[in-house]
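# Notes for the structure review
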Amino acid sequence: MSDEVKRGLEGVVVSESRLSYIDGDAGELGYRGYAIEDFAHEASYEEVLSLLWNGEWPTRSERDEFAARLADERELDPAVYDLIAELASTDANPMATMRTVTSALSAYDADTDASPDDREANLAKGCRITAKLPTALAAFARLRNGDDPVEPRADLDHAANFLYMLNDTEPDEVAAETFDTALVLHADHGLNASTFSALVTTSTMSDLHSGVTSAIGTLAGGLHGGANQNVMRMLKEIDESGKEPREWIEDAVAGGERIPGFGHRVYNVRDPRAGILETYSQRLGETAGDPRWYDYSVAIEDYMTEEKGLAPNVDFYSASMYYQMGIPMDLYTPIFALSRVGGWIAHMLEQYEDNRLIRPRARYVGERNREFVPLDER
Ligand SMILES: CC(=O)SCCNC(=O)CCNC(=O)[C@H](O)C(C)(C)COP(=O)(O)OP(=O)(O)OC[C@H]1O[C@@H](n2cnc3c(N)ncnc32)[C@H](O)[C@@H]1OP(=O)(O)O
Ligand SMILES: O=C([O-])CC(=O)C(=O)O
């Protein structure tokens, strides 16, 4: 057995998957063999979930049935609302709230005692988790502002219903479509850190709720999903500094800072999702007559690409896009989770079909054969 250390598991292949294909040199991403550019605008999040979980695009009737099943599961148990209200009253971190709520949902899940690898029970649990998290996040966002939660509406699709519950106003077509595309584009991405942590959890034959709880904790960090809110904080800081974006970034890079939204473990070129999200960010700026956030982003990208050879990742343009939709900054990463939950579940379903415990090793570099000294003699 080789003792070579692969820091960060870079380049290590640990499993086979039929879910997402990534070519990091060509900048290509596909779900189950379909290039994202071919369906991102057209397919809904519900269709993508169905594709990821079942392997094929649903027919219209299958899509309707699946969407209705999800819509039926949006309500939360009153005890979960109480928990969210409690967390909102302490101004808890939204990602910590999502993690805690996911864990709590298992207590109210009808299939909580099913065998961890029972596919039908897992599909039912998957529907419940995916359907309930948007209700939980919207309720939390409203309660912390002193507003009452808004009941989900079964006649709205997954994306539109979330915006409706968040704002207590039915979104217009542009907002609903933009948000739906963001959900579609964030749904899966190979063995990224959060998906891997879900798989580590379920590889012990733990349950789906535990896997999603682990994954949310992993997504929260600034090197992963947390980067999207850091991007917007940076854009705001640039705006307030009065400096040119290029000058601001130059100073930040010279100061040794990592620029959020740039760089990627797998892509050596521009993340293909960034290109699609960029068009939405640009369009929203033009419509609002304030292209500032998009323009800053382009100036930063130009500098980072030319001077550092680093391209934007998915978190870069999603930030200005969500901001221009009026979404509070600290909800961007939880929104990433609302989408990625579909990918996490798809990977866990795949893992249960052919599971092996994930248990790598560390090379021990500490001292050995040291003599134990009892407490009173130290
Ligand atoms: C959904 C997602 O998770 S997408 C990623 C979201 N995360 C971010 O946007 C945070 C900023 N980006 C980063 O920190 C990194 O690019 C990561 C974590 C995404 C990838 O990290 P790794 O593959 O481990 O690359 P690593 O950290 O070794 O970086 C390689 C080199 O590029 C530099 N670098 C990488 N990203 C950046 C960045 N955003 N800003 C400045 N320098 C960077 C590193 O300093 C390092 O330089 P060095 O070799 O001179 O020390
Ligand atoms: O793949 C990764 O490492 C990070 C990423 O872009 C994602 O999770 O969408």
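Residues numbered from 1 in each chain as written. Chains lettered and ligands numbered in written order. Predicted model: local features only at pLDDT ≥ 70, side-chain atom pairs only at ≥ 80, totals over all residues. Heavy atoms only, no water.

### Looking at the sheet that holds strand 3 (residues 34-35)
Strand pairing within a sheet occurs via backbone hydrogen bonds; the two strands may be parallel or antiparallel. To keep it simple, the criterion reads: For two strands to count as paired, DSSP must find a minimum of two bridges between them. Where helices and strands are cited, they refer to DSSP runs of H or I of at least four residues and of E of at least two residues respectively, numbered from the N terminus.
Pairing is antiparallel across the open sheet formed by 3 strands, whose spatial order is 1-2-3. Of all the strands in the sheet, the pair left with one neighbour each is strand 1 (20-23) and strand 3. Summarising the sheet, strand 2 (residues 28-31) and strand 3 pair through 2 bridges and their orientation is antiparallel. By the bridge assignment, Gly30 is partnered in strand 3 with Ala35.

### Description of unusual backbone geometry
Our working definition: Exposure categories follow from relative accessible area, calculated using a 1.4 Å probe and restricted to protein chains: below 20% of the type maximum is buried, above 50% is exposed, and the middle band is partly exposed.
One non-glycine residue, Leu9, lies in the positive phi region at around 55 degrees. Its place among the elements puts Leu9 in the segment before strand 1. Among the residues examined, Leu9 registers a relative accessible area of 39% and is labelled partly exposed. Positioned with a positive phi, Asn369 is a non-glycine residue whose angle comes to about 55 degrees. By the secondary structure assignment, Asn369 is in the segment after helix 16 (332-353). Judged by relative accessible area, which is 78%, Asn369 ranks as exposed.

### Considerations on the UniProt feature "active site" (unreviewed entry) in the protein
Stated precisely, the cut-off is as follows: UniProt positions are given in the numbering used here, feature names are shortened, and annotations may be inferred rather than shown by experiment. Both site types are read off a 1 Å grid over the protein atoms alone. A 1.4 Å probe that fits but cannot get out defines a cavity, while an open set with protein on both sides within 12 Å along at least five of seven lines defines a pocket; lining residues have an atom within 4 Å of a point. Here a residue-residue contact requires only that any non-hydrogen atoms of the pair lie within 4.5 Å. Each polar contact in these results corresponds to two N or O atoms within 3.5 Å; when the atoms are within protein, one needs to be able to donate a hydrogen and the other to accept it, and residues that are neighboring in sequence are counted only if both atoms are side-chain atoms.
According to UniProt, the "active site" (unreviewed entry) feature falls on His264 and Asp315. These annotated residues cover 52 residues of sequence, and their C-alpha atoms lie no more than 10.6 Å from one another, placing them together at a single site. The annotated residues named above include His264 and Asp315 as those lining the largest pocket. By the element assignment, His264 lies in the loop between helix 12 (245-254) and helix 13 (272-288). Overall, His264 belongs to the partly exposed group, its relative accessible area being 32%. Each residue touching His264, except ones within four places of it in the same chain, is listed here: His189, Asp271, Arg273 and Asn313. Engagement of the side chain of His264 in a polar contact is seen with the backbone nitrogen of Val266, the distance being 2.9 Å. Summarising the element assignment, Asp315 is placed in helix 15 (residues 314-324).

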